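Chain residues, written in single-letter form:
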Amino acid sequence: MRFWANAAVAGLAFSGAWLGVVEAKSVSGDRVLVLVPKVEAAKLYSQFLDSLTSRGFDVSVRAATNTSVALQVDGIRTYDHAVVLSPESKRLGANLSVRDFASFVDDGGNLIITASSDISELGRKLAARFGVEYEKRGTAVIDHVAHLRAINDTSDHTLVAAIPSRAATPVLSKQFARTQSSPVYFKGIAHKYEPSNPMLIPVLTGSRTTYSAAIGSDANEGASASISLSGKDAGLVSLFQTRNNARVAFSGSAALFSDALLSHEGGANKQFTTDVSQWVFQEKAVLRETAHRHYLASTGERPEHYRISNEIVYEIDLSVYHDDAWHPYNANDVQFEAIMLDPYIRTTLNSSDSVNPKTTATYHGDIKLPDRYGTFTFRVNYKRTGYSNVDVKDTVGIWPLRHDEYPRFLSAAYPYYIGSLVMALGFLALCAVWMWSAEPKTKRTAKQKSN
């Protein structure tokens, strides 16, 4: 056993030796743990493992029953990524539990979990933890139309030919888009997924003629009652991204990563598995905020607190990682919010000239603060399918105006000012008329004169 372990690791190191000293291109680390049923079984996945080594990863191949394997020691990750290519194993490593894998992901680790028709209870519970529910043990994905056709008419209808979802654009590379007419060959078990789950990406699903049933059943012989999933509802490969931007891939087929399917002519398995592993190991579609700032539009300074109705400028710099480098992230849907329990302001930021246009894109907005004082949160909460989540928050105090900061005259009070002035002028006019007007003289009659 020790001989095979050393041989497997040495073979992986030799395959990437021509590259010289290679640094991992992942932003989250280069240590990869690969669990296989037996170390000798690593030969079945040599092409996939060689691709990881050539990309600069430090690959450690271990038997699933190796009790010395642990994902964390004293709360510290011993690996940055893990690939489980032993779906039938009832026990993994040092009796790793679902809680251990969940803790690994919560700490920022990334996972690729494979399954098969003989999936273990541990694999089923682990998938359920992330909202993926596998079919019953002993079932398989079947397609009598889209499958791998053999030369000798012994086609395997459980080796289906699937086309990846177009919604997985950030995951699939441009090179794969050019080969999208080529199918991805899949042999394994289907799973249920919730389409409305914003954290889940069904990157590979069944076609209209695909269904899941017990192995050996025939849909043409009345076995439709045993069919539980069919069409697009039959998930084959799904991706999951947590709130802390850790990534997990669930593949119902371990054979998807095998040499037999990666090297099959006419299939796109090699490019597909490369794209999926690059996404999971955070070599692409990694979004980050490099800087953000806000200040008064009039002075360009950031005070200790703002006043109500101040006009400010908010700016944020965003970058995206792909092709081994950071690039500006271009979008038209980056929004700013000013929140105090509820959003008082929600506006779309505009793209502007960046300080470093080669690596970042700057988004800015001219914002008038609400006429309401209190403690506000300035927030950019940007979440898009396939990209890392960006959530930037600043707690800002907005104070009322001082007694000497209010304007001398309020435009809204002009009618009252005019009304008061008119009333005062009218009163003065009435007083002037009353004081300076003489009493009218009346003529005396003859009778009044005789008296």
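Bear in mind that the values here come from a model prediction, so they are computed numbers and not experimental data.

**Comments concerning the overall build of the protein**
Counting its secondary structure elements, the protein contains nine helices and 27 strands. Counting only residues that meet the buried cut, the protein has 44% of its 451 residues in that class. For the protein, the exposed area adds up to about 24600 Å²; of that, 53% sits on carbon and sulfur atoms.

**Things to note about the packing of helix α3 (residues 98–106) against helix α4 (residues 121–129)**
Put simply, α3 and α4 touch, their axes get as near as 9 Å, and they point 40 degrees apart. In terms of axis orientation, α3 runs oblique to α4. Between α3 and α4 lies a crossing whose hand is right-handed. Along its contact with α3, which presents Val98, Arg99, Phe101 and Ala102, the element α4 presents Leu122, Lys125, Leu126 and Arg129. Across the contact of α3 with α4, the residue classes tally to five nonpolar, no polar and three charged.

**A few points about the side chain of Ser277**
Structurally, Ser277 can be placed in helix α7 (residues 269–280). Residue Ser277 is classed as buried on the basis of its relative accessible area, which comes to 0%. In this structure the side chain of Ser277 is engaged in a polar contact, spanning 3.1 Å, whose partner is the side chain of Arg55. Polar contacts involving the side chain of Ser277 include one to the main-chain carbonyl oxygen of Thr273, which spans 2.9 Å. In contact with Ser277, other than residues within four places in its own chain, are Phe48, Arg55, Ile112 and Glu283.

**A word on the pattern of salt bridges**
By the definition in use, this model includes 12 salt bridges. The partner of Arg293 in a salt bridge is Asp317, and the shortest N-O contact between them spans 3.3 Å. With Arg293 in strand β18 (residues 286–296) and Asp317 in strand β20 (residues 311–322), this pair connects stretches of sequence that are 24 residues apart. By relative accessible area, Arg293 is classed as partly exposed at 23%.

**Some words on the nonpolar core**
In terms of nonpolar packing, the biggest core is built from 44 residues, with Val34, Leu49, Leu204, Leu239 and Phe272 touching the most fellow members. Among the secondary structure elements, those contributing two or more residues to this core are β1 (31–36), α2 (46–54), β2 (58–63), β10 (156–162), β11 (184–186), β13 (200–205), β16 (235–241) and α7. Among the elements that make up this core, the one with the highest residue count is α7 (four residues). Not counting residues up to four positions away in its chain, the partners in contact with Leu239 are Val171, Met199, Leu200, Ile201, Val203, Val248, Ala249, Val276, Trp279 and Val280. With 31 residues, the next largest nonpolar core counts Leu33, Ile119, Ala127 and Tyr193 among its residues.

**Re a nonpolar patch on the surface**
On the surface, a cluster of nonpolar side chains totalling about 620 Å² of accessible area is made up of Phe409, Leu410, Tyr414, Tyr417, Ile418 and Val422. Among the secondary structure elements, Ile418 is positioned in helix α8 (residues 414–436).

**Brief notes about the sheet that holds β10**
Taking strand neighbours across the sheet as the criterion, the three strands line up as β9-β10-β11 in an open arrangement whose pairing is antiparallel. Both outer strands of the open sheet, β9 (147–148) and β11, are each paired with one neighbouring strand and no more. In this sheet, β10 lies alongside β9 in antiparallel orientation, the contact comprising two bridges. Residue pairing for β10: His147 is matched across the bridge by Val160.

**Overview of the sheet that holds strand β15 (residues 229–230)**
Pairing between the strands of a sheet is mediated by backbone hydrogen bonds and can be parallel or antiparallel. Reading across from one edge, β8-β14-β15 is the order of the three strands in this open sheet, with antiparallel pairing throughout. With one partner strand each, in any of the chains shown, β8 (139–143) and β15 form the two edges of the open sheet. Relative to β15, strand β14 (residues 210–214) runs antiparallel, the two sharing two bridges. Paired with Tyr211 across the two strands is Ser230, which belongs to β15.

**Some points on the packing of aromatic side chains**
If you walk through the whole model with that rule in mind, you get 13 aromatic pairs. Ring plane angle 75 degrees and centroid distance 5.3 Å describe the contact between Phe130 and Phe240, whose orientation is recorded as edge-to-face. Placement of the pair is Phe130 in the loop between α4 and β7 (133–134) and Phe240 in strand β16, with a sequence separation of 110 residues. There is no split in this pair, since Phe130 and Phe240 are both buried.

**Quick notes on α3**
Along α3, the positions that sit buried rather than exposed are Val98, Phe101, Ala102, Phe104 and Val105. Within α3, the buried residues cover an arc of 155 degrees as seen down the axis, which keeps them to one side. Residues of α3 that are exposed and point more than 90 degrees away from the buried face comprise Arg99 and Asp106. Among the structural elements, β3 (72–73), β4 (76–77), β5 (81–84), β6 (110–114), α4 and β17 (247–251) are those in contact with the buried residues of α3.

**Quick look at unusual backbone geometry**
Positive phi outside glycine occurs at Ala285, with the angle close to 55 degrees. Residue classification places Ala285 among the buried residues on the basis of a relative accessible area of 4%. Non-glycine residue Leu341 carries a positive phi angle of around 70 degrees. Inspection of the secondary structure puts Leu341 in the loop between β22 (335–340) and β23 (342–348).

**Let's talk about the environment of Gly386**
With respect to the helices and strands, Gly386 occurs in the loop between β26 (374–382) and β27 (390–399). For Gly386, a relative accessible area of 5% translates into the label buried. For the pair Gly386 and Leu287, spaced 99 residues apart in the sequence, the C-alpha separation amounts to 9.8 Å. With residues near it in sequence (within four places) discarded, Gly386 still touches Pro170, Ile201, Arg247, Trp279 and Ala285.

Reading the values: the criteria
Residues numbered from 1 in each chain as written. Predicted model: local features only at pLDDT ≥ 70, side-chain atom pairs only at ≥ 80, totals over all residues. Heavy atoms only, no water. Helix = DSSP H or I, 4+ residues; strand = E, 2+ residues; numbered from the N terminus. Buried < 20%, exposed > 50% of the residue type's maximum accessible area, 1.4 Å probe, protein only. Areas by Shrake-Rupley, 256 points an atom, 1.4 Å probe, with all protein chains shown as cover. Axes fitted to C-alpha atoms, helices over the stretch in contact; angles between N-to-C directions. Parallel < 35°, antiparallel > 145°, perpendicular 65-115°, else oblique. Left-handed = near helix turned anticlockwise from the far one by under 90°. Contact = heavy atoms within 4.5 Å. Nonpolar A, V, L, I, M, F, W, Y, C, P; charged D, E, K, R; others polar. Polar contact = N/O pair within 3.5 Å; in protein donor to acceptor, adjacent residues only side chain to side chain. Salt bridge = Lys/Arg side-chain N within 4 Å of Asp/Glu carboxyl O. Core = buried A, V, L, I, M, F, W, Y, C linked by side-chain atoms within 4.5 Å. Patch = residues over 30% accessible without salt bridge, like charges linked within 9 Å, V, L, I, M, F, W, Y side chains within 5 Å. Pairing = 2+ DSSP bridges. Phe/Tyr/Trp six-rings, centres within 6.5 Å; stacked < 30°, edge-to-face > 60°. Arc of directions from axis to C-beta.

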